[in-house]
Amino acid sequence: MKITIGHLFPDLLNLYGDRGNIQCMVQRLRWRGIEAEVKAFGIDDRIDFSVLDIVLLGGGSDREQMIVCNRLKEIKDSFKAYVENGGVVIAICGGYQLLGKYYETDNGRIEGLDIVDIYTVQEKGRLINNIFLQSDLFEMPIVGFENHGGRTHINNNKPLGKVIYGKGNDGKSGYEGVVYKNVIGTYLHGPLLPKNPQLCDYLLSRAIERRYGAEASKLTPLPDKEENEANKYIVDRYSDKVENFKEKIRKLI
Amino acid sequence: MNLRGKIAIKTAKLVASLCLKMGRQGVTWAGLIARKIEPNILKLLSDQVREKVYIVCGTNGKTTTNNMLCTALINNGKKVICNRTGSNMLNGVVSAFVLATDKSCDLDADYACIEIDEASTKRVLPTLKPDYMILTNIFRDQLDRYGEIDITIKILSESIKMAPKMTLVINGDDPLSVSLAKRSGNSFITYGISEKVFDADENSEIREGRFCAMCGAKMHYSYYHYSQLGDYRCPECGFSRPHIDYPATGIECGDHLAFTVENRRISANYKGFYNIYNILAVYTAAAHSGVDMEGFQTMLDRFTPENGRSEHFKIQGTDIELNLAKNPAGFNQNINAVMADTRDKDIIILINDRDQDGNDVSWLWDVDFDRFGEDSIKSITVCGIRCQDMRLRLKYVDISSELEPSVEKAIRNKLQNGVKNLYVLVNYTGLYSTRNILKRMEGEQ
Ligand SMILES: [Zn+2]
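Cut-offs applied
Residues numbered from 1 in each chain as written. Chains lettered and ligands numbered in written order. Predicted model: local features only at pLDDT ≥ 70, side-chain atom pairs only at ≥ 80, totals over all residues. Heavy atoms only, no water. Helix = DSSP H or I, 4+ residues; strand = E, 2+ residues; numbered from the N terminus. Rg over C-alpha atoms; globule rule 2.2 N^0.38 Å. Buried < 20%, exposed > 50% of the residue type's maximum accessible area, 1.4 Å probe, protein only. Contact = heavy atoms within 4.5 Å. Areas by Shrake-Rupley, 256 points an atom, 1.4 Å probe, with all protein chains shown as cover. Lys, Arg positive; Asp, Glu negative; His and termini not counted. Charge placed at Lys NZ, Arg CZ, Asp CG, Glu CD. Domains from an automatic or database assignment. Buried area = accessible area lost by both parts, 1.4 Å probe. Salt bridge = Lys/Arg side-chain N within 4 Å of Asp/Glu carboxyl O. Polar contact = N/O pair within 3.5 Å; in protein donor to acceptor, adjacent residues only side chain to side chain. Nonpolar A, V, L, I, M, F, W, Y, C, P; charged D, E, K, R; others polar. Donors = N, O, S within 2.8 Å, 3.2 Å for Na, K, Ca; no water. Tetrahedral: all angles 85-135°; square planar, octahedral: opposite > 155°, others 65-115°. Core = buried A, V, L, I, M, F, W, Y, C linked by side-chain atoms within 4.5 Å. Pairing = 2+ DSSP bridges. Axes fitted to C-alpha atoms, helices over the stretch in contact; angles between N-to-C directions. Phe/Tyr/Trp six-rings, centres within 6.5 Å; stacked < 30°, edge-to-face > 60°. Parallel < 35°, antiparallel > 145°, perpendicular 65-115°, else oblique. Left-handed = near helix turned anticlockwise from the far one by under 90°.

If you tally the helices and strands in chain B, you get 15 helices and 17 strands. The C-alpha radius of gyration of chain B comes to 22 Å, within 12% of the 22 Å expected for a compact globule of 445 residues. For the C-alpha atoms alone, the extent of chain B along its principal axes is close to 65 × 60 × 40 Å. Here chain B holds 445 residues, and 63% of them are scored as buried.

Have a look at this one:
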């Protein structure tokens, strides 16, 4: 069994340890005896989505996103077809914003991929801090670090999780991220996946299921002591700052 | 000094002496109070400096560069004002000048060497008009404080505009620094390492400036040293590594450092390729501003980077080297220096996430820790507020580590059970406390 991960434009979209997300997916596949290949695409490379199982779209500065934006127009249709066909995408921060219709910045509008019906508007003040969520995709809280000036509005789409501590999509709605088919968009750095092994495995199993069927997608559990403790550290650190903490967190690992 | 200035200085000195017991906080207070009483105090005092005022900015190497420049000038018999304590924001800078005045509230100084935090330049440069700004480099650092590297560049370029007569001393190997200097309109001089030193793998590090800062095209490198530093050229607009006024050649980089500049062989008895840049920056600024360079090597022989920059301790028969590693570029350079030592060694890594460290520890994943997987590394202990994150980071390059939140316990443990050769790598807020612990342990012997 082999899973191919496409890393889109790491030259430009590589803020805040996205390399860690790739490393996490690769290791968690290999530790289970599943072959993993990473294809890093430069801005001028041709992308054949049919060979990809997971696409990672990372974050960049506004300037870098502007450069990427022009290239995205050319791959919009094939990217969209990949998503509609159940292709797995993990889009983080700037990458999350690019999933939507547009990102309105002080320096102009960045056109997005229009894959999910969401949009982002820059507002004064960045939302910066540790954050954790409760998702209904799995039990373990999702922890990370948010740092964004854009406020993302997800319309009627399903959020990734309810914000227990932190700001989230727009600082008001109480939700963070978006889930659409096998696409997850989120503002969480940290990097995201190493401290959230359940989220990483969720993505991996979706990708395996799509290519190899439901039976193959049942992943062997891994000894996640270090992952769980790093996750728990963030949750514990803020637990006394959250009202009715125990009710909001479904299960602490 | 005018009357209001005198009152400002006397009050600030009083406050500083009262605060002495409170430690570093007093320095900031003294600066603040002096400014409140005489807003123009920084200009009044810096105008009294007889020769030159240098400021030092840049992501990595500020403190070492500034202290070394100061030492070089003192070594030449000059009187120098320096903010050695690392108080590099506006009030700390003001305080350095105020506290250096004599009884009649005047300065007796030939030079001033002032380290300034990049974000603080916009508050300092409206009143301080330096002759030189040494810009060491621009790397990704402490993201959540500055937003991102583009913001740092923007702040610096707006600040430089406030001092149009200031000459920039620029690392010519850094395209981000060079494009900033070119666009500023200020005059600038360059230093650089003008030969291929490493057979570096192009992709081993994330290079911030690989896209042309002028036109956005991908740049070509004929060689590169680390991060975005090297010999670059943009195929689209022709932006390229400029003529280097002070090129270093004949590089030796192992247990000690050596290079040649202006037909002078320079050597230093400490490790770390990045230190060549620090020495070269000091050399360039001093030589260009007319300082006599005859005693430069003698000064270097005696110079020890302070405050935990490659600082050496010998405790209970164990060699200990303490080093600051606060961002990917700095950390990778530290790993180079550690791996240049072929003996068996233990490693302690301390990671905090306080404001001065950056609250986001994502950067740990941009450091090439896989290079610690070699046999000569006998153990790695992870400490500090985010020791869990550090342990997890190492797990994903198949390196196991010992978790011990307290760095003191970790050090004592390695003194007992280690291989007598210990490297302690800490990020910013861990530096002073770890250094104090080591100093104390040194005294216990
Ligand atoms: Zn160009």
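So, about the overall build of chain A. What chain A contains, in helices and strands, is six helices and 12 strands. Computed over the C-alpha atoms, the radius of gyration of chain A is 17 Å, within 12% of the 18 Å expected from 2.2 N^0.38 for a compact globule of 253 residues. Residue burial in chain A is summarised as follows: out of 253 residues, 60% are buried. Counting contacts in chain A only where the partners sit at least 6 residues apart, residues at least 24 apart contribute 70% of the total. About 9,800 Å² of surface is accessible on chain A, with carbon and sulfur atoms providing 46% of the total. Chain A carries 35 positive and 35 negative side-chain charges, and their two centres are separated by 2 Å.

For the rest of this paragraph, the subject is the domain arrangement of chain B. Residue and element names in this part refer to chain B. According to the domain assignment, chain B consists of domain 1 (41-302) and domain 2 (311-443). Each of domain 1 and domain 2 was reduced to a C-alpha centroid, and the two centroids are 27 Å apart. Taken together, the contacts link 20 residues of domain 1 with 22 residues of domain 2. The junction of domain 1 with domain 2 conceals about 1,600 Å² of combined surface from both sides, 43% of it contributed by carbon and sulfur atoms. With its nearest N and O atoms 3.7 Å apart, the salt bridge here joins E321 to K271. At the junction of domain 1 and domain 2, the tally comes to four residue pairs in polar contact (both at pLDDT 80 or more). Grouping the constituent residues of the side of domain 1 that touches domain 2 by class yields five nonpolar, eight polar and seven charged.

Time to look at the coordination of the zinc ion. A metal bound by six donors in octahedral fashion has ideal angles of 90 or 180 degrees, whereas one bound by four tetrahedral donors has an ideal angle of 109.5 degrees. The coordination sphere of the zinc ion contains the protein donors C212 of chain B (SG), C215 of chain B (SG), C234 of chain B (SG) and C237 of chain B (SG), at a distance range of 2.2 to 2.3 Å. One can describe the donor arrangement at the zinc ion as tetrahedral, given that its four donor atoms subtend angles of 101 to 114 degrees at the metal.

Before going further, it helps to spend a moment on the interface of chain A and chain B. Where interface size is given, it is often the accessible area lost as the parts come together that is meant. Contacts between the two partners involve 38 residues from chain A, matched on the other side by 33 residues from chain B. Both faces considered, chain A and chain B share a buried interface measuring about 3,200 Å² in area, 49% of it formed by carbon and sulfur atoms. With its nearest N and O atoms 3.1 Å apart, the salt bridge here joins K395 of chain B to E226 of chain A. Applying the counting rule to chain A against chain B returns 15 residue pairs in polar contact (both at pLDDT 80 or more). Looking at the side of chain A that touches chain B, the elements that each hand over two or more residues are α1 (18-30), α2 (62-84), β7 (119-134), β8 (142-153) and α5 (225-239) of chain A. Broken down by element, the residue count for the side of chain A that touches chain B peaks at eight residues, all from α5 of chain A. Taken together, the residues of the side of chain A that touches chain B break down into 14 nonpolar, 10 polar and 14 charged.

Before going further, it helps to spend a moment on the pattern of salt bridges. Inspection of the entire model under this criterion finds 46 salt bridges over all chains. Between D236 of chain A and K232 of chain A there is a salt bridge whose closest N-O contact spans 2.7 Å. In this pair, D236 of chain A and K232 of chain A both sit in helix α5, four residues apart, roughly one turn of the helix. A relative accessible area of 35% means that D236 of chain A is categorised as partly exposed. Ionic contacts of the salt-bridge type, sharing partners, join the residues R28, R32, D201, D224, E226 and E227 of chain A together with K395 of chain B into one network.

Let us now look at the side chain of N275 of chain B. Residues and elements named next belong to chain B. Relative to the elements of secondary structure, N275 occurs in helix α10 (residues 274-288). Owing to a relative accessible area of 3%, N275 belongs among the buried residues under this scheme. A polar contact is formed between the side chain of N275 and the backbone oxygen of K271, at a distance of 2.8 Å. Setting aside residues no more than four positions away along its own chain, N275 makes contact with T64, L257, Y270 and S310.

Among the nonpolar cores identified, the biggest contains 95 residues, and M25 and F79 of chain A together with F331, F369 and F372 of chain B are the most heavily contacted of them. If sequence neighbours within four positions are ignored, F369 of chain B has contacts with F331, I335, I349, L364, M390, R393, L394, V397 and I399 of chain B. By size, the runner-up hydrophobic cluster in this structure holds 52 residues, among which are C57, V94, C105 and I149 of chain B.

For the rest of this paragraph, the subject is unusual backbone geometry. Cis peptide bonds are those with omega within 30 degrees of zero, and the linkage from G190 of chain A to P191 of chain A qualifies with -10 degrees. On the secondary structure map, P191 of chain A appears in the loop between β12 (183-186) and α4 (197-212). Look at S227 of chain B: it is not a glycine, yet its phi comes out positive at around 45 degrees. By secondary structure assignment, the location of S227 of chain B is in the loop between β7 (220-226) and β8 (229-233). Note on S227 of chain B: relative accessible area 4%, which makes it buried. One non-glycine residue with positive phi stands out, namely N263 of chain B, at about 60 degrees. As for its position among the elements, N263 of chain B is in the loop between β10 (257-261) and β11 (264-268). Residue classification places N263 of chain B among the exposed positions, given a relative accessible area of 79%.

Further remarks concern the environment of L350 of chain B. All names here are of chain B. Within the secondary structure, L350 is located in strand β14 (residues 345-350). With 81 residues separating them along the chain, L350 and L431 place their C-alpha atoms 9.1 Å apart. Excluding residues that lie within four positions of it along the chain, L350 makes contacts with C383, G384, V407, L425, V426, N427, G430 and T434.

This next bit is on the sheet that holds strand β4 (residues 88-92) of chain A. Residue and element names in this part refer to chain A. Strand order in the open sheet made by the six strands is β2-β1-β3-β4-β12-β11, with mixed pairing throughout. Of all the strands in the sheet, just β2 (35-41) and β11 (178-180) have a single pairing partner and so form its edges. Sheet twist, expressed as the mean angle between neighbouring strand axes with direction ignored, is 15 degrees.

This next bit is on the packing of aromatic side chains. All names here are of chain B. Enumeration over the complete set of coordinates arrives at 25 aromatic pairs over all chains. Aromatic pair F139 and Y226: ring centres 5.9 Å apart, planes at 40 degrees, arrangement tilted. On the criterion of sequence distance, the pair formed by F139 in the loop between β4 (132-135) and α7 (143-146) and Y226 in strand β7 is long-range, its members being 87 residues apart. Exposure class is identical for F139 and Y226. Each is buried.

Residues and elements named next belong to chain B. Between helix α4 (residues 62-75) and α10, whose axes approach to 9 Å, the crossing angle comes to 40 degrees. Taken together, the axes of α4 and α10 lie oblique to each other. Judged by the twist between their axes, the crossing of α4 over α10 is right-handed. Only N275, N278, I279, A281, V282 and A286 of α10 make contact with α4, whose side of the interface consists of T64, T65, M68 and L69. Classifying every residue of the contact of α4 with α10 by side-chain character gives six nonpolar, four polar and no charged.

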